[in-house]
Amino acid sequence: MRDGTIVVAGASLAGLRGAEALRAHGFAGRLILVGDEPHLAYDRPPLSKHVLTGEVAPGATTLPGVGALEAEWRLGVKALGLDRAGRTLLLADGERLAFDRLLIATGARARPWPAPEEARLSGVHTLRSRDDAASLAAGLAARPRRVLILGAGFIGCEAASSIRALGLPVTVVDPEPAPLAQALGSVIGGFVAGRMEAAGVDVRLGARVTHLEGDRAVRRARLADGGTIEADLVVVALGAVRNTGWLAGAGLRADEGGLSSDGACRALDEAGRPDEAIFAAGDVARFPHPLYGHRPVALEHWGNAVAQGAHAARAMLHGADAVGAYAELPAFWSSQFGLNIKSLGLTEGADAVAIVQGSPRAGRFLAVYGRAGRTIAAVSVNAGRWLPAYEGPIRDGAPFPPITGGADQPDPEPVPPGLPSREAA
Amino acid sequence: MTDASDGTLFAQVRDSANRADPYPLYARLRVRPVARQDDGTFVASGYAAIRALLHDPRVSSEDLPPAEHPPTGNPVKDWIVNPLKDWVTDRHRPFIFRDPPDHGLLRRQVMGQFTIARVQGMKRRTEGLVAQCLERCAGSRHFDLVDDLAYPLPVTVICELLGVPREDEPRFHAWATQLATALEPESRHDEALRARNTETFDAIADYMRDLIREKRRAPRDDMLSGLATAKDPQAGRMSDPDLIATAILLLIAGHETTVNLITNGMLTLLRRPRELARLRADPERAPRVIEELLRYEPPVHFRTRVARAPIPVAGTVIPEGAPLVLLFAAGNRDPARFPDPDRFDPDRADNQHFGFGGALHYCVGAPLARIEAEAALTALAARLSNPRLAEDPPPYRPGASLRGPKRLLLHIDGIG
């Protein structure tokens, strides 16, 4: 396909990179990007880091290349609904956009604090969008007496790191026994916890906040064990919810966990059949990963948004058979507390972890995750240059632990990784 | 024999008869991305295989044979002094020949001196030096790029950065040429060559020891003074033997490679007058031209390693203890990685070449090399009037790894 109309619902990273790939692969027709935020596509990773510390202004995060794309933009307009039979997208301002192909890249939003009245107290923030970051940065500029962060996932930990760097008192509360437990397990998470405490963060693990209290402005949080934490700024960092609500009634297989799609990024209908004209990419897409037994996964990774956006674009133009199954190795990074953490593969389901290079004592190491004797993931801490060596073993499902006789290391000793069970999650 | 099972291909690469154009041999090697040679060496020539091995912790850079002074007949030297020297040398190799964790500690201390400010601060000076070199040749109709610019420029730059007196250049020029052979596989088994390298190392080490003592006594704003006086929070102050090894490495690496980048670069551009004209018209193209040169004609064609464990890669298994060659220049021309790889195309979008190696040992001096090459190539493009190659191919220096012309004679109508 070279001509016709392609609509991209979602004008952030996956949508933008998808649109750019469409043009790069020769699409000469009409290209329309719809985004619910009024901003041009921006980069999210700095929002929890340099934007909070004030080193980068929220407005300086616009992605390069946005201006060069030959496309029509509908910014600040939500997609309200999808008429699949009529190949039409309905926008909040009443416009109906007919399309030949649709790329759904509506991403995810921050999971809100479950009690709406408490979430509306002033001083309670989430951190997902540029506006969130600007509002949080403004709140921090007022020098709150204590910042409480609910959730020790990547966003919670990065925010804690940035806010500590501003010299503000920070408390982090998480029900798991270690920060980053969901993604990395409590062995590596425990190392990060040590760094957090060394940086002066009050880390409360195995604890749960049940209520946020205050009149108009938040004053304190009440814990499940009856204790309280006085805090006048709260960051709710409880993960993300996929933006699929607008697809209700469209007949696609979509829920809070994402929009199901196949290896060629085609959206699946309720019967599980691919729709030849509708594609999904980025955080919103839940796709079968060939490296992980075709288990459906939805990845909130920057690199996935880039690669999957481009993969979907090629499938839209050249057909599903021409592109093959999307099999990008999941990868992400995080910077916090002076640590550069990088990950390859998926740790989910790992039954063992082994430190194969470096050591936590030396402050830099590489951990490999295994499942049933096979290598499934690797995580480096301040040792990013070691990580690419493990791409091959992960793709091949090499025996675990995979590396012996390393130039710098005795044979590794695997231990249980301390990943929370799925039920608990 | 023409098939890929020819176990002499890498020997042919090292044969000086093939120095001017080793690329057809590389293409034949690449048929097997990791190929065993008759002498038991494994040569990695495919991009993916090189990349995997570069990052593999089972691959060691500690592949130098033990230092060994040849017998002198003097029992004090043969039984006490020289074995002690050898013992020290073996334990204080420069970090290019070291593995983690020592490698990281030494490298970190060097990086602490190779600051962005210091390197960027050399940019203006480098441009001035290029102009001086060209002015010296004003009025001439002949130009030897190597002697007139490509060699003196990086030598002066690295001397000033390190704080090595430029007037000592004639002494360490010979030492550097000699010690650079340590990167060539021949140096591992050629006894005469090893003896000469040992002798040279003693001489340059004595020179550096004196220089470092002077830096400690009266530190200046240069890298050697910094290395001699700085204290790493983990490693402490660098030991004298480590400091000497590091200083020698930086001095040699600082010019034996950049001379090739500049000379190969100009040779490539002179063979493609259209590209030279485009660079002359638009100096902003220089960074792209240089990145493509680093892919197309890299200054270092390969580095050697040794396997510390059996390594399955690219359908074969490299056995423990096997010598290993990472043939960067062949990976740079791998059609599986770079579309139309034998075409010189500065407008290539995706150009992650091995021109500076990769992974832990990625060239420490890369930013400096880029600055020097940019200053030299833009000035040559702008100021040489109607340059033509006087001989093509030019004569090459002996090295197969550090590969570059011995001289590059140009006819010119003048210097603008």
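Predicted, not measured: the structure shown is a model, and the values here were computed from it.

The rules behind these values
- Residues numbered from 1 in each chain as written.
- Chains lettered and ligands numbered in written order.
- Predicted model: local features only at pLDDT ≥ 70, side-chain atom pairs only at ≥ 80, totals over all residues.
- Heavy atoms only, no water.
- Helix = DSSP H or I, 4+ residues; strand = E, 2+ residues; numbered from the N terminus.
- Buried < 20%, exposed > 50% of the residue type's maximum accessible area, 1.4 Å probe, protein only.
- Contact = heavy atoms within 4.5 Å.
- Areas by Shrake-Rupley, 256 points an atom, 1.4 Å probe, with all protein chains shown as cover.
- Lys, Arg positive; Asp, Glu negative; His and termini not counted.
- Charge placed at Lys NZ, Arg CZ, Asp CG, Glu CD.
- Patch = residues over 30% accessible without salt bridge, like charges linked within 9 Å, V, L, I, M, F, W, Y side chains within 5 Å.
- Salt bridge = Lys/Arg side-chain N within 4 Å of Asp/Glu carboxyl O.
- Pairing = 2+ DSSP bridges.
- Buried area = accessible area lost by both parts, 1.4 Å probe.
- Phe/Tyr/Trp six-rings, centres within 6.5 Å; stacked < 30°, edge-to-face > 60°.
- Lys NZ or Arg CZ within 6 Å of the ring centre and 35° of its normal.
- UniProt positions renumbered as here; feature names shortened; annotations may be inferred.
- Axes fitted to C-alpha atoms, helices over the stretch in contact; angles between N-to-C directions.
- Domains from an automatic or database assignment.
- Parallel < 35°, antiparallel > 145°, perpendicular 65-115°, else oblique.
- Left-handed = near helix turned anticlockwise from the far one by under 90°.
- Nonpolar A, V, L, I, M, F, W, Y, C, P; charged D, E, K, R; others polar.
- Core = buried A, V, L, I, M, F, W, Y, C linked by side-chain atoms within 4.5 Å.

### Observations concerning the overall build of chain B
A count of helices and strands for chain B gives 18 helices and 14 strands. Counting only C-alpha atoms, chain B reaches 60 × 55 × 45 Å along its principal axes. Looking at chain B as a whole, 56% of its 416 residues are labelled buried. Contacts in chain B between residues at least 24 apart in sequence constitute 72% of all its contacts with a sequence separation of at least 6. Carbon and sulfur atoms make up 55% of the accessible area of chain B, which amounts to about 17,700 Å² in all. Across chain B, 56 positive and 57 negative side-chain charges occur, with their mean positions spaced 3 Å apart.

### Focus on a nonpolar patch on the surface
Residues and elements named next belong to chain B. A surface patch of nonpolar side chains, amounting to about 450 Å² of accessible area, comprises Val76, Trp79, Ile80 and Val81. Along the chain, Ile80 turns up in helix α4 (residues 75-91). Assessed through its relative accessible area of 55%, Ile80 is described here as exposed.

### Description of the pairing of strand β25 (residues 339-345) of chain A
Residue and element names in this part refer to chain A. For β25, a buried count of five out of seven residues is recorded, marking the element as mostly surrounded by other parts of the structure. Judged from the six bridges that link them, strand β24 (residues 331-336) and β25 form a sheet pairing that is antiparallel. Looking at the pairing, Ala331 lines up with Leu344 of β25. The antiparallel pairing of β24 with β25 creates a hairpin that spans two residues between the two strands, and Phe337 there sits at a positive phi of about 50°.

### A short note on the interface of chain B and chain A
In this complex, chain B contributes 16 residues to the contact, which on the side of chain A involves 14 residues. Both faces considered, chain B and chain A share a buried interface measuring about 1,300 Å² in area, 57% of it formed by carbon and sulfur atoms. Interface area lost by chain B to chain A is led by B:His55, B:Pro57 and B:Arg58, which between them contribute 42%. Taken together, the links from chain B to chain A amount to one salt bridge.

### Comments concerning the packing of aromatic side chains
Between two aromatic rings, the relevant description is the distance of the centres plus the angle of the planes. By the definition in use, this model includes twelve aromatic pairs over all chains. The interplanar angle of 75° and the centroid separation of 5.9 Å between the aromatic rings of A:Trp302 and A:Trp333 together place this pair among those described as edge-to-face. Placement of the pair is A:Trp302 in helix α7 (residues 302-318) and A:Trp333 in strand β24, with a sequence separation of 31 residues. Measuring from centroid to centroid gives 5.1 Å for B:Phe10 and B:Phe302, while their planes differ by 75°, and the two rings are edge-to-face. With B:Phe10 in helix α1 (residues 9-14) and B:Phe302 in the loop between α16 (286-296) and β7 (303-307), this pair connects stretches of sequence that are 292 residues apart. Through pairs of rings, three or more aromatic residues link up here, namely B:Tyr47, B:Phe328, B:Phe338 and B:Phe354. In this structure, B:Arg295 packs its charged tip against the face of B:Phe338, placed 5.3 Å from the ring centre. Here B:Arg337 stacks its cationic end above the ring of B:Tyr47, 4.9 Å away from the centre of that ring.

### A word on the pairing of strand β7 (residues 101-104) of chain A
Residues and elements named next belong to chain A. Relative to β7, strand β1 (residues 5-9) runs parallel, the two sharing four bridges. Looking at the pairing, Val8 lines up with Leu103 of β7. Across three bridges, β7 lies against strand β21 (residues 274-280) in parallel orientation. By the bridge assignment for β21, Ile104 is matched with Ala280.

### So, the UniProt feature "domain: FAD/NAD(P)-binding" (unreviewed entry) in chain A
Within this numbering scheme, the UniProt entry marks residues 6-309 of chain A as carrying the feature "domain: FAD/NAD(P)-binding" (unreviewed entry). Within the segment residues 6-309 of chain A, helix and strand shares are 23% and 30% respectively, and the terminal C-alpha atoms sit 14 Å apart.

### A look at the sheet that holds strand β2 (residues 42-44) of chain B
All names here are of chain B. In space, the five strands of this open sheet follow the order β1-β2-β10-β7-β3, with mixed pairing throughout. Each of the sheet's edge strands pairs with one partner strand only, and the pair in question is β1 (34-36) and β3 (59-60). Where β3 meets β7, two bridges bridge the pair, whose relative direction is antiparallel. In the sheet register, Ser60 faces β7, and the bridge partner there is Val306. Of the strands in this sheet, β1, β2, β3, β7 and β10 (323-326) touch helix α3 (residues 47-55), which is tilted by about 125° from β10.

### Details of the domain arrangement of chain A
Residues and elements named next belong to chain A. Splitting chain A by domain gives domain 1 (5-109 + 240-323), domain 2 (112-236) and domain 3 (338-425). Its C-alpha centre places domain 1 at a distance of 30 Å from the equivalent point of domain 2. On the domain 2 side, the residues contacting the 20 residues of domain 1 number 17 residues. Buried area between domain 1 and domain 2, summed over both chains or domains, comes out near 1,500 Å², and the portion from carbon and sulfur atoms is 58%. Connecting domain 1 to domain 2 are three salt bridges. Notably, a salt bridge pairs Lys49 with Glu158, separated by 3.2 Å at the nearest N-O pair.

### Comments concerning the packing of α16(B) against helix α18 (residues 366-383) of chain B
The relative placement of two packed helices is expressed as an angle between their axes plus a distance between the axes. Residue and element names in this part refer to chain B. Where α16 meets α18, the axes come as close as 10 Å, and the angle between the chain directions of the two elements is 115°. What the angle tells us is that α16 and α18 run roughly perpendicular. Where α16 crosses over α18, the two elements pack in a sense that is right-handed. Between α16 and α18, the residues in contact are Ala286, Pro287, Ile290, Glu291 and Leu293 and Arg370, Ala373, Glu374, Leu377 and Thr378, respectively. Here the residues of the contact of α16 with α18 sort into six nonpolar, one polar and three charged.

### Remarks on the side chain of B:Glu169
All names here are of chain B. Note on placement: Glu169 falls in helix α9 (residues 169-179). Residue Glu169 is classed as buried on the basis of its relative accessible area, which comes to 12%. The residues contacting Glu169, other than those within four sequence positions of it, are Tyr151 and Val155.

### So, unusual backbone geometry
Most peptide bonds take the trans form, and the phi angle of most residues other than glycine is negative. Residue and element names in this part refer to chain B. A cis geometry characterises the amide bond from Pro100 onward to Pro101, with omega recorded as 0°. Looking at the secondary structure, you find Pro101 in the loop between α4 and α5 (102-113). With an omega of 0°, the peptide bond between Asp392 and Pro393 qualifies as cis. By the secondary structure assignment, Pro393 is in the loop between β12 (388-389) and β13 (409-411).

### Section: the nonpolar core
Grouped together as the largest cluster of nonpolar side chains are 89 residues, with contacts concentrated most on B:Phe114, B:Phe143, B:Val164, B:Met208, B:Met266 and B:Leu380. Sort the elements by how many residues they give to this core and α18(B) lands first, with eleven residues. Ignoring any residue separated from it by four or fewer positions in sequence, one finds B:Val164 in contact with B:Cys159, B:Phe172, B:Tyr207, B:Met208, B:Leu211 and B:Leu224. Within the second largest apolar cluster, 67 residues are counted, among which are A:Val51, A:Val353, A:Leu366 and B:Leu360.

### Remarks on the side chain of B:Glu292
With respect to the helices, strands and loops of the structure, B:Glu292 is situated in helix α16. Beyond its immediate sequence surroundings of up to four residues, B:Glu292 is in contact with B:Arg343, B:Phe344, B:Asp345, B:Pro346, B:Arg348 and B:Asn351.

### Let's talk about the UniProt feature "domain: Reductase C-terminal" (unreviewed entry) in chain A
Per the UniProt record, "domain: Reductase C-terminal" (unreviewed entry) is annotated on residues 332-397 of chain A. Span residues 332-397 of chain A is 9% helix and 55% strand, its end C-alpha atoms 20 Å apart.

### Side note on the sheet that holds strand β23 (residues 295-297) of chain A
Taken in spatial order, the four strands make up an open sheet running β18-β19-β22-β23 (chain A), and their pairing is mixed. Strand pairing shows two members of the sheet lacking a second neighbour, β18 (254-255) and β23 of chain A, which therefore form its edges.

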